[in-house]
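# Understanding the architecture of this molecule
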Amino acid sequence: GKAEASAAVMPAKRFHVERDCEDIRSAISRWSTDEEPLIKLLSTRSHDQRQQVKRQYKTKYNKDLLQDLKAEMGSSYDDILVMLLTPRPDFDAWTMHKATQANDDNSQAVFAGILCTRSNKQIRAMRETYKKLFSRNLLDDLKACSADRLADLLLALTKGDREERGKVDQSRAKEDAHELYEEDKLGANDRSRIVEVLATRSVPQLRATLQAYRKVSGRELLDTIHAEMPEEQKMGFAAIVSCLKDPAKFFAGRLKEAVSGSEGIDEDTLMRVVVTRSEVDLLEIKRLLKDQHGQALTKVVEDNCTGDHKKLLLALIKGNK
């Protein structure tokens, strides 16, 4: 499919979980750890394959793969190893928690990047895991980070009730678009339709609605959000609409911000986008970063990241196709 066409990392075809475990053991039991085979192995397996290796490694050697690699590869690798080897629901829950605690401009983009790109099943798993890990309710934490309609939207997205199949219904798209347009005349807090449409329509259906809205209103829904929404809700709504409309473009924008902030490079966002999108649309994100923002991802990493983990990051960006 189209998604696979722009994935950088594909599942390894000749995958032997036993052999991977043995290769890792032999690389780390040398007198000085040989990073090359470890980097190659970590960057050419899919997330699911890495999880299988991690489980088998525990069974075979009664050791934790993540702890072993952290100990052997040096602290520069810690964060990226956690991203690569933590089961996705746990990593998503952990990322959401960090963002709710920070509650800053970046947080809204983090919420959008997760809640708008995961399946219902993944969102629900993440919500359960969040409770287990932090003994807190994700919905409560999100409520504390957002106001009014934006809070309603985040809570609706966190339920994981999006339609996931069915053909695009053009007449329904027009109907939704008309209702959204009618709502433009109301105060921001009387908008309930926008919450329902963004949280429950399938992604293809939503894209048809956004096109229909442009016809009805003469502008993009994003422009309406920037023009009409209260200041404290603008960023959150805009991030959610952008991410649903075109995730690759959204994440290219995230990378652009990560590498051109006034405080220097935001490596956490950079690594998270590379790791979580590597099997989805990283090649497309790279292309957009180059075409729209004039930056080559490989060069940005070469020039700005310090530390050995850069080698693993570059290997993931290159991929295994």
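Quick note: structure is the one above.
In this report, we go over the structure that sits alongside the text. (Residues numbered from 1 in each chain as written. Predicted model: local features only at pLDDT ≥ 70, side-chain atom pairs only at ≥ 80, totals over all residues. Heavy atoms only, no water.)

## Some remarks on the nonpolar core
With 95 residues, the main nonpolar core has Ile24, Leu69, Ile80, Met96, Ile240, Leu297 and Leu313 as its most contacted residues. Considering each element in turn, this core owes the most residues, seven residues, to helix α16 (residues 231-245). Beyond its immediate stretch of four places on either side in the chain, leucine 69 contacts Ile24, Ile28, Leu38, Leu42, Gly74, Leu81 and Leu85. (Core = buried A, V, L, I, M, F, W, Y, C linked by side-chain atoms within 4.5 Å. Buried < 20%, exposed > 50% of the residue type's maximum accessible area, 1.4 Å probe, protein only. Helix = DSSP H or I, 4+ residues; strand = E, 2+ residues; numbered from the N terminus. Contact = heavy atoms within 4.5 Å.)

## Things to note about empty space enclosed by the protein
Within the structure shown, the criterion is met by three cavities of 30 Å³ or more. Along the wall of the largest cavity there are 15 residues; nearest its centre are Gly113, Ile114, Phe251, Arg272 and Thr276. Secondary-structure elements contributing two or more residues to the lining of the largest cavity are α7 (88-102), α8 (105-115), α17 (247-259) and α18 (267-277). With five residues, the top contributor of residues to the lining of the largest cavity is α18. Residues that form the lining of the largest cavity fall into these classes: six nonpolar, four polar and five charged. (1 Å grid on protein atoms, 1.4 Å probe; cavity = no way out; pocket = protein on both sides within 12 Å on 5 of 7 lines; lining within 4 Å. Points joined across faces, edges and corners; volume = space filled by probe spheres on them. Nonpolar A, V, L, I, M, F, W, Y, C, P; charged D, E, K, R; others polar.)

## Details of the layout of surface pockets
By volume, the largest pocket amounts to about 1100 Å³. For the largest pocket, the lining is made up of 41 residues, of which Thr117, Arg118, Gln122, Arg277 and Val280 are closest to its centre. For the lining of the largest pocket, the elements supplying multiple residues, two or more each, are α1 (2-5), α4 (47-61), α7, α9 (120-134), α14 (203-217), α16, α17 and α18. If one sorts the elements of the lining of the largest pocket by residue count, α4 sits on top with four residues. Considering only residue class, the lining of the largest pocket consists of 13 nonpolar, 12 polar and 16 charged. The calculated volume of the second largest pocket comes to roughly 610 Å³. Taken together, 23 residues make up the lining of the second largest pocket; nearest its centre are Ala109, Phe250, Gly253, Arg254 and Glu257. When residues of the lining of the second largest pocket are assigned to their parent elements, the largest contribution, six residues, is made by α17. Looking at the lining of the second largest pocket, its residues break down into seven nonpolar, eight polar and eight charged.

## Re helix α13 (residues 193-200)
For α13, the buried fraction is high: six of the eight residues fall into the buried class. Listing the buried residues of α13 in full gives Arg193, Ile194, Val195, Val197, Leu198 and Ala199. On its buried face, α13 sits against α11 (148-158), α12 (170-183), α14, α15 (221-228) and α16.

## Observations concerning the pattern of salt bridges
Where charged atoms of side chains with opposite charge meet at close range, the side chains can pair. Taken as a whole and judged by the stated rule, the model has 27 salt bridges. Residues arginine 193 and glutamate 196 are paired through a salt bridge, measuring 2.6 Å at the closest nitrogen-oxygen approach. Of this pair, arginine 193 and glutamate 196 both sit in helix α13, three residues apart, which is roughly one turn of that helix. Residue arginine 272 is joined to aspartate 268 by a salt bridge in which the shortest nitrogen-to-oxygen separation is 3.0 Å. Remark: aspartate 268 and arginine 272 occur in helix α18; sequence separation between them is four residues, near one turn of the helix. Accessibility expressed as a relative area gives 12% for arginine 272, which makes it buried. Residue aspartate 268 is classed as partly exposed on the basis of its relative accessible area of 23%. (Salt bridge = Lys/Arg side-chain N within 4 Å of Asp/Glu carboxyl O.)

## Some thoughts on the environment of tyrosine 61
As for its position among the elements, tyrosine 61 is in helix α4. Separated by 40 residues in the primary sequence, tyrosine 61 and cysteine 21 place their C-alpha atoms 9.1 Å from one another.

## Thoughts on the packing of aromatic side chains
Summed over all chains, the structure comprises four aromatic pairs. Here the aromatic rings of tyrosine 57 and tyrosine 61 are separated by 5.1 Å at their centres, their planes lie at 65°, and the arrangement is edge-to-face. Here the residue tyrosine 57 and the residue tyrosine 61 both occupy positions in helix α4, the gap between them amounting to four residues, near one helical turn. Judged by centre distance (5.1 Å) and plane angle (80°), the ring pair of phenylalanine 250 and phenylalanine 251 falls under edge-to-face. Side by side, phenylalanine 250 and phenylalanine 251 carry an identical accessibility label, which is buried. Seen from the ring of tyrosine 61, arginine 25 lies directly overhead, with NZ or CZ sitting 5.1 Å from the centre. (Phe/Tyr/Trp six-rings, centres within 6.5 Å; stacked < 30°, edge-to-face > 60°. Lys NZ or Arg CZ within 6 Å of the ring centre and 35° of its normal.)

## Structural notes on the packing of helix α20 (residues 297-304) against helix α21 (residues 310-318)
Viewed as axis vectors pointing N to C, α20 and α21 meet at an angle of 180°, and their least axial separation amounts to 10 Å. By the angle class used here, α20 and α21 are roughly antiparallel. Every residue of α21 that contacts α20 at Leu297, Thr298, Val301 and Glu302 is listed here: Lys310, Leu313, Leu314 and Ile317. For the contact of α20 with α21, the residue count by class is five nonpolar, one polar and two charged. (Axes fitted to C-alpha atoms, helices over the stretch in contact; angles between N-to-C directions. Parallel < 35°, antiparallel > 145°, perpendicular 65-115°, else oblique.)

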